[in-house]
Amino acid sequence: MSDNTQQAIQAVETEIFELTRKLTALRTAAAPIAVPNYTFDTQSGSVSLLDLFSDKRQLLVVHNMGQGCRYCTLWADGFNGFLPHLEATLSVALVSKDTPEVQRRFANARGWRFRLASHGGGDYIRDQSVLPGRDNVPGCVVYEREGDTVLRKNSTVFGPGDLYCPAWHLLALAGVGTDTFTPQYSYWQQPAELDDGGEDRL
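Here is what the cut-offs are and how they apply
- Along every chain, residues carry numbers that run from 1 in the direction the sequence is written.
- Confidence filtering applies because this is a predicted model: local features only for residues at pLDDT of at least 70, side-chain atom pairs given and counted only at 80 or more, and all residues used for totals across whole chains, interfaces and linings.
- With hydrogens and water set aside, each side-chain value is computed from the structure's full complement of heavy atoms.
- Categorising residues by exposure relies on relative accessible area from a 1.4 Å probe, with only protein chains included: less than 20% of the type maximum marks a residue as buried, more than 50% marks it as exposed, and the intermediate range marks it as partly exposed.
- Under the scheme used here, helices are H or I runs from DSSP no shorter than 4 residues and strands are E runs no shorter than 2 residues, and both carry numbers assigned from the N terminus.
- Two strands make a pair as long as DSSP finds a minimum of two bridges between them.
- Side-chain atoms alone can form a polar contact between residues adjacent in sequence; in general such a contact is a pair of N or O atoms within 3.5 Å, and within protein one must be able to donate a hydrogen while the other accepts it.
- Between two residues, a contact is recorded if the distance between any of their heavy atoms is within 4.5 Å.
- Here, the term nonpolar core denotes a set of buried Ala, Val, Leu, Ile, Met, Phe, Trp, Tyr and Cys residues that are joined through side-chain atoms within 4.5 Å.
- As used here, the arc is the angular range of directions from the helix axis to the C-beta atoms.
- Salt bridges are counted wherever a side-chain nitrogen of Lys or Arg sits within 4 Å of a carboxyl oxygen of Asp or Glu.
- Convention used here: a crossover is right-handed provided that the path from the first strand, over the helix, to the second strand proceeds clockwise when the strands point away from the viewer.

Draft legend 1. Summary view of the pairing of strand β7 (residues 139-146). When you tally the buried positions in β7, you get six out of eight residues, the bulk of the element. Bridging between strand β4 (residues 58-63) and β7 involves six bridges; their strand directions are antiparallel. What sits directly across from L60, in β7, is V142. Two elements, β7 and strand β8 (residues 149-157), share eight bridges in a ladder whose sense is antiparallel. Within β8, the position partnered with C140 by the bridge is T156. What sits between β7 and β8 in their antiparallel hairpin is a turn of two residues, with G147 showing a positive phi close to 65°.

Given below as structure tokens:
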């Protein structure tokens, strides 16, 4: 890599860093808006948005499209790794349209430790979408509570190459872009011959 290219990369990285600091300041200053206390289904029964706060003042709700989305699975796989860091400050819940039983089965298969709740494609996801006019879009919302009032503080949309999945940026270091990489549920490939004596089947 030439010195000019390296300098150009560093200049853009510095610009992104400074813009991220400005974005954080704007989000900190954002005025929260009161929202209804929506209800969700869980394996333990119905819970409210207020219930999801537990003992915390702030709640991060991850909008996951459900087990049918490989991209949402990639984001959740990543968030799961630093969930303890988030939960030191915030309550965290992952919501999707899937039933509580489907959510739990898929979460167990992925090793996810999130608190799960199903909006079932109802009022919550239509009203609280991270992309106005479209429901079931991947992203997240931060809520705050003041007594029995829930306030929406900030939200963001997830998408390939975004700020919320480091895999995109690590792949980009190798020149792999979002146009050539699609996340998968599993990357294991069956060998041409099996060593266990079983029938070779794909």
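Draft legend 2. Structural view of the side chain of N64. With respect to the helices, strands and loops of the structure, N64 is situated in the loop between β4 and α3 (70-81). Here N64 falls in the buried class, since its relative accessible area comes to 5%. At 3.4 Å, the side chain of N64 forms a polar contact with the backbone oxygen of C72. Beyond its immediate stretch of four places on either side in the chain, N64 contacts C72, T73, A76, L94, V95, S96, K97, W112 and N136.

Draft legend 3. Just the nonpolar core, in detail. With 23 residues, the main nonpolar core has W75, L94, W112 and F114 as its most contacted residues. Counting only elements with at least two residues in this core, the list comes to β4, α3, β5 (91-96), α5 (100-110) and β7. Those residues in contact with W75, other than ones at most four positions away along the chain, are P138, F158, G159, P160, D162, Y164, C165 and W168. Residues V61, A117, Y124 and I125 belong to the second largest nonpolar core, which totals 20 residues.

Draft legend 4. Structural detail: α5. Looking at α5, one finds that the buried residues are P100, V102, Q103, F106 and A107. Angular distribution of buried residues about the axis of α5 spans 160°; they occupy a single face of the element. Residues of α5 that are exposed and point more than 90 degrees away from the buried face comprise R105, N108 and A109. Buried-residue contacts for α5 involve β2 (39-42), α3, β5 and β6 (115-118).

Draft legend 5. Seen up close, the pattern of salt bridges. Summed over the entire model, instances satisfying the criterion amount to six salt bridges. Here E18 ties to R21 by a salt bridge, and the two come within 4.0 Å at their closest N and O atoms. One end of the pair is E18 and the other is R21, both in helix α1 (residues 3-29) and three residues apart, which spans about a single turn. Taking the relative accessible area as the measure of exposure, E18 reaches 35% and is therefore partly exposed.

Draft legend 6. Focus on the pairing of β5. Of all six residues making up β5, six are buried, and the element is well covered by its neighbours. Both faces of β5 are covered, namely the face carrying S91, A93 and V95 and the face carrying V92, L94 and S96. Direction of pairing for β4 relative to β5: parallel, over a ladder of five bridges. Note that in β5 the partner of L59 across the bridge is S91. Across four bridges, β5 lies against β6 in parallel orientation. Paired with V95 across the two strands is A117, which belongs to β6. A crossover connection joins β5 to the parallel β6 through α5; in handedness this β-α-β unit is right-handed.

Draft legend 7. Spotlight on unusual backbone geometry. The phi angle at S54 is positive, at roughly 55°, despite the residue not being glycine. Turning to its location among the elements, S54 is positioned in the loop between α2 (49-52) and β4. Unusually for a residue other than glycine, N136 sits at a positive phi of about 55°. By the secondary structure assignment, N136 is in the loop between α6 (123-127) and β7. For N136, a relative accessible area of 17% corresponds to the buried category.

From the geometry alone we can't say anything about function, so treat these as descriptive.
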